[in-house]
Amino acid sequence: MEMIKKGAEAEIYLSTWMGRRVVIKRRIRKGYRIKELDEKIRKQRTRREAILMAEARKAGVAVPIIYEINNFEMEIVMEYVDGERLKDIIEKLDDNEKRRICQEIGKSIAMLHKNGIIHGDITTSNIILRDGKIHFIDFGLGMKSAENEARGVDLHLLMEAFNAAHADERLFRWVMGGYKKNFEKGNEVERKIEEIVRRGRYMRRVE
Amino acid sequence: MISLGLEGTAHTAGVSIVEKIDGKCNVLSNVSSMYRPVRGGIHPREAANHHADVFPGLIEKAIEEANVDFSEIDIIGFSIGPGLGPCLRTTATAARTLAIMHDKPIIGVNHCIAHLEIGRAITGCHDPVLLYASGGNTQIIAFLEGKYRIFGETLDIGIGNCLDKFGREAGISFPAGPEIEKIAKNGRKYVELPYSVKGMDVSFSGILTAALHALKEHSIEDICYSLQETCFSMLAEVTERAMAHTEKDEVLLGGGVASNKRLQDIIKTMAEERGAKFFVPPRQYLVDNGAMIAWTAILMYESGYRMGIEETAIKQNFRTDEVEITWR
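Reading the values: the criteria
- For every chain, the first residue of its written sequence is number 1, and the numbers climb from 1 along that sequence.
- Here the convention is simple: chains get letters from A, ligands get numbers from 1, in the order in which they are written.
- The model is predicted, so local features are restricted to residues of pLDDT at least 70 and side-chain atom pairs to those at 80 or more, both for listing and for counting; the totals for chains, interfaces and linings are taken over all residues.
- Neither water nor hydrogens contribute to the side-chain values; these are computed over all heavy atoms in the structure.
- Two residues form a contact once any of their heavy atoms are found within 4.5 Å.
- Buried area is calculated as the accessible area (1.4 Å probe) missing from two parts once they are joined, with the contributions of both summed.
- Here, a salt bridge means any Lys or Arg side-chain nitrogen found within 4 Å of an Asp or Glu carboxyl oxygen.
- Between N or O atoms, a polar contact is any pair within 3.5 Å; within protein, one atom must be a potential hydrogen donor and the other a potential acceptor, and residues adjacent in sequence are included only when both atoms are from side chains.
- We count a stretch as a helix when DSSP gives it H or I for four or more residues in a row; a strand needs E for two or more, and each element gets its number in order from the N terminus.
- How far each domain reaches was decided by an automatic or database domain assignment.
- Three classes are used: nonpolar for Ala, Val, Leu, Ile, Met, Phe, Trp, Tyr, Cys and Pro, charged for Asp, Glu, Lys and Arg, and polar for all others, with Gly counted as polar.

(A) Structural detail: the interface of chain B and chain A. Between chain B and chain A, the contact holds 33 residues from the first and 20 residues from the second. For the pair chain B and chain A, the two sides together bury roughly 2300 Å², of which 51% comes from carbon and sulfur. Among the residues chain B hides against chain A, the three largest losses belong to Tyr190, Tyr195 and His245 of chain B. Together they make up 21% of the total. The partner of Glu192 of chain B in a salt bridge is Lys40 of chain A, and the shortest N-O contact between them spans 3.6 Å. In this structure, the connection of chain B to chain A is made through five residue pairs in polar contact (both at pLDDT 80 or more). Mapped by element, the contributors of at least two residues to the side of chain B that touches chain A are β8 (147-153), α7 (220-246) and α8 (261-273) of chain B. The leading source of residues in the side of chain B that touches chain A is α7 of chain B, at eleven residues.

Okay, here's the thing in structure tokens:
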């Protein structure tokens, strides 16, 4: 097992499971929390993440297939999506392909939101492109919500990623194009995003 | 350079004289007086009246303890916001009076940034993530791309406010934090309370309601213990997220609630587990104090900040990321 990432709350390993290449996401024990609280949180989040991924799949959005959930180790064993992070390749694509992918992203987010799923961390690092098809990974900050506020915040993060890190405002416009075409509440959510921008409080660095 | 700082954003009126010598912060005096309501929480106007009563005496005392003459003081700093309107206005009035009377430059200082700067100056950390936990404020602040940015904060009430309100309902006098800390030591059983982390932000109002409900069925010791463990773990989690996100390896505590030993323990353990360094200044620099204002005023003045009297209007909702950081 090879660790490929260590985040604030989880470690990500590359491994094999029943002959398949898999990713294992393990929520690590935090020594600063009392045991009761620590176990409750890790269990709850592992479950929630798995449920969100399963629901996203049902909604028709490509996410890694879950193979196993280990409640003792607080692990999710999932498909390894062998592709490239959008972050690393977007600059290399031509405009037509950029537009196609962005519209596709908008459509997928619309499908998530329609089904009450909020990803919670839509950045270009969490979108993987494999054979021209986009996959969403890391639902660790996700939640269930049918509020436009939550939807707006969800999209706003991607807007920042595109506008700041990739300095191309067309990208997000294409995303919103695909989003609105596939979600009847798209216009309301777009207005919500404008409101969030005016509030000016989600100042985050975009990786 | 010698600076006189006035702090008065909430319940504490503080006056301090600070000297910057060889780039170091040397606190010559640091005196304060805290408004204590007879019952209930802070009444803003009463607190402002308290400040108006005590400022003249505090200023005299600070000058005397520092053993300086007013002519040796170079600038007057004051807390311009964020805070309670009446308290801010009283403090600003005191600062303007001093500045005009003695013909000194005046600098309005952001209270939250002052907490961070005094922490850096006293503990010697360089580029920390600050967990600022006080009555009204709960923010995770770090320096990034030219500004102090807020990476997480409370979506409703401050952590201290949560503890105080719980205390008020449970018959503990204001401020309730220190008493809750004592009572919690005898708690044995963890009573489940909502754990409310939303991305990088936290929320305390739901926990407060749940804790008050739980008080009907469980002992106050167990509830105080559970309340502390839940709230402080949430703070540790969002602080750690901010550290991972900004790739910083120092964590600094600030604010009155940061004098809670259990909170210090929790943040220290979090820091150790991720190989980061933990810093906490002595209590007199955690709570609201004049020294942090005086010191930050020096940093601002030396890096080019100037303010006319007409620019010293208070800013009740002054945000941390609005401040142009010229000294880093």
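(B) Local environment of the domain arrangement of chain B. Residue and element names in this part refer to chain B. Taken as a whole, chain B is organised into domain 1 (2-116 + 285-322) and domain 2 (127-281). Distance from the C-alpha centre of domain 1 to the C-alpha centre of domain 2: 26 Å. Listed as interface residues are 20 residues of domain 1 and, on the opposing side, 23 residues of domain 2. Counting every contact that joins domain 1 to domain 2 gives one salt bridge. Arg319 is the salt-bridge partner of Glu153, the closest N and O atoms lying 3.4 Å from each other. One can count six residue pairs in polar contact (both at pLDDT 80 or more) joining domain 1 with domain 2. When contributions to the side of domain 1 that touches domain 2 are tallied by element, the ones reaching two or more residues are α3 (111-123) and α9 (283-286). With five residues, the single largest contributor to the side of domain 1 that touches domain 2 is α3. Classifying every residue of the side of domain 1 that touches domain 2 gives eleven nonpolar, six polar and three charged.

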